[in-house]
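# Secondary and tertiary structure notes
Here is what each chain is made of, one letter per residue.
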Amino acid sequence: LPGTAGRCLSCQAPRVMSSPGAIDTAVAYCQKNQWPLLSQALTYCWSNEFLDVFRQYFRDHASDFRGMKVGMGSSEHSLEQHAVFQEYLQLYEDRLSEYIESQLGGSSKEFYEELADAKDVQARDPESCDAGTALFIECLVASADYDSFYKVGRALVEAGGIRAGCWAGS
């Protein structure tokens, strides 16, 4: 989930995917490791077709974070903010699983098995893992995390919205 200032905004990882050929390298790495769903999901999740849905979602809901202080624990979170997160999470999961099932002919279970295998390979030998694949995994996991979601919402308030070419804020 690419972001401003060269950082993935959900997970604060370097913006590896913006370098030329990074997606192709990550796809080749996934294919070499026999993770076909992960390789195709990686391409889709870095596409504007996927990201634009969430850019718009954050634009539509940025006002829910007005008045909140930066940093978890520094402000009490409202039930409305939690409900917005639950709605976002459902949208994210639906969008990803719909793509995996309708476009790739796979199942969410198969996808998450490939993801778990990729995480295991990365944990065993981080030096051998492709940087783009590692970034994708980190951001995918962070995208389902409330703290990351909160940081994105806060950054939107501070930045006054989402700039072109950005995922959101952190």
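As shown above, the structure is provided for reference.
All of the points below concern the structure found in this document.

The rules behind each value
Residues numbered from 1 in each chain as written. Predicted model: local features only at pLDDT ≥ 70, side-chain atom pairs only at ≥ 80, totals over all residues. Heavy atoms only, no water. Phe/Tyr/Trp six-rings, centres within 6.5 Å; stacked < 30°, edge-to-face > 60°. Helix = DSSP H or I, 4+ residues; strand = E, 2+ residues; numbered from the N terminus. Buried < 20%, exposed > 50% of the residue type's maximum accessible area, 1.4 Å probe, protein only. Contact = heavy atoms within 4.5 Å. Expected span 1.5 Å × (residues − 1). Salt bridge = Lys/Arg side-chain N within 4 Å of Asp/Glu carboxyl O. Axes fitted to C-alpha atoms, helices over the stretch in contact; angles between N-to-C directions. Parallel < 35°, antiparallel > 145°, perpendicular 65-115°, else oblique. Left-handed = near helix turned anticlockwise from the far one by under 90°. Nonpolar A, V, L, I, M, F, W, Y, C, P; charged D, E, K, R; others polar.

### Remarks on the packing of aromatic side chains
This structure, assessed with the given rule, holds 18 aromatic pairs. Residues Phe85 and Tyr146 carry aromatic rings whose centres are separated by 5.2 Å and whose planes lie at 85° to one another, so their mutual orientation is edge-to-face. Placement of Phe85 in helix 4 (residues 79-103) and of Tyr146 in helix 7 (residues 146-159) is noted, with a sequence separation of 61 residues between them. Each member of the pair, Phe85 as well as Tyr146, is classed as buried. Pairwise contacts between aromatic rings join Tyr44, Phe50, Phe54, Tyr57, Phe58, Phe85, Tyr88, Tyr92, Tyr99, Tyr146 and Phe149 into one cluster.

### Let's talk about helix 2 (residues 36-45)
Of all 10 residues that make up helix 2, seven are buried, and the element is covered over most of its length. Of the positions making up helix 2, those classed as buried are Leu37, Leu38, Ser39, Ala41, Leu42, Tyr44 and Cys45. Those residues of helix 2 that are buried are in contact with helix 1 (22-32), helix 3 (48-61), helix 4, helix 5 (108-124) and helix 6 (131-142).

### Describing helix 4
Taking 1.5 Å per residue, 25 residues should reach 36 Å; helix 4 reaches 35 Å between its end C-alpha atoms and fits that length. Those residues of helix 4 that are buried are in contact with helix 2, helix 3, helix 5, helix 6 and helix 7.

### A few points about the environment of Ile137
Take Ile137: it is sitting in helix 6. In this structure, the C-alpha to C-alpha distance between Ile137 and Gln122, residues 15 residues apart in sequence, is 9.6 Å. Beyond its immediate stretch of four places on either side in the chain, Ile137 contacts Leu115, Ala118, Lys119 and Gln122.

### What about the pattern of salt bridges?
One pass over the full model with this rule turns up two salt bridges. Here Lys109 and Glu113 are joined by a salt bridge, their closest N and O atoms 2.7 Å apart. Of this pair, Lys109 and Glu113 both sit in helix 5, four residues apart, which is roughly one turn of the helix. Given a relative accessible area of 43%, Glu113 falls into the partly exposed group.

### Let's talk about the packing of helix 1 against helix 2
It is at 8 Å that the axes of helix 1 and helix 2 come closest, and there the two elements cross at 165°. The angle between the axes of helix 1 and helix 2 places the two elements in the roughly antiparallel class. In the crossing of helix 1 with helix 2, the sense of the turn from one axis to the other is right-handed. Two secondary-structure elements touch here, helix 1 through Ile23, Ala26, Val27, Cys30 and Gln31 and helix 2 through Leu38, Ser39, Gln40, Leu42 and Thr43. Considered class by class, the residues forming the contact of helix 1 with helix 2 number six nonpolar, four polar and no charged.

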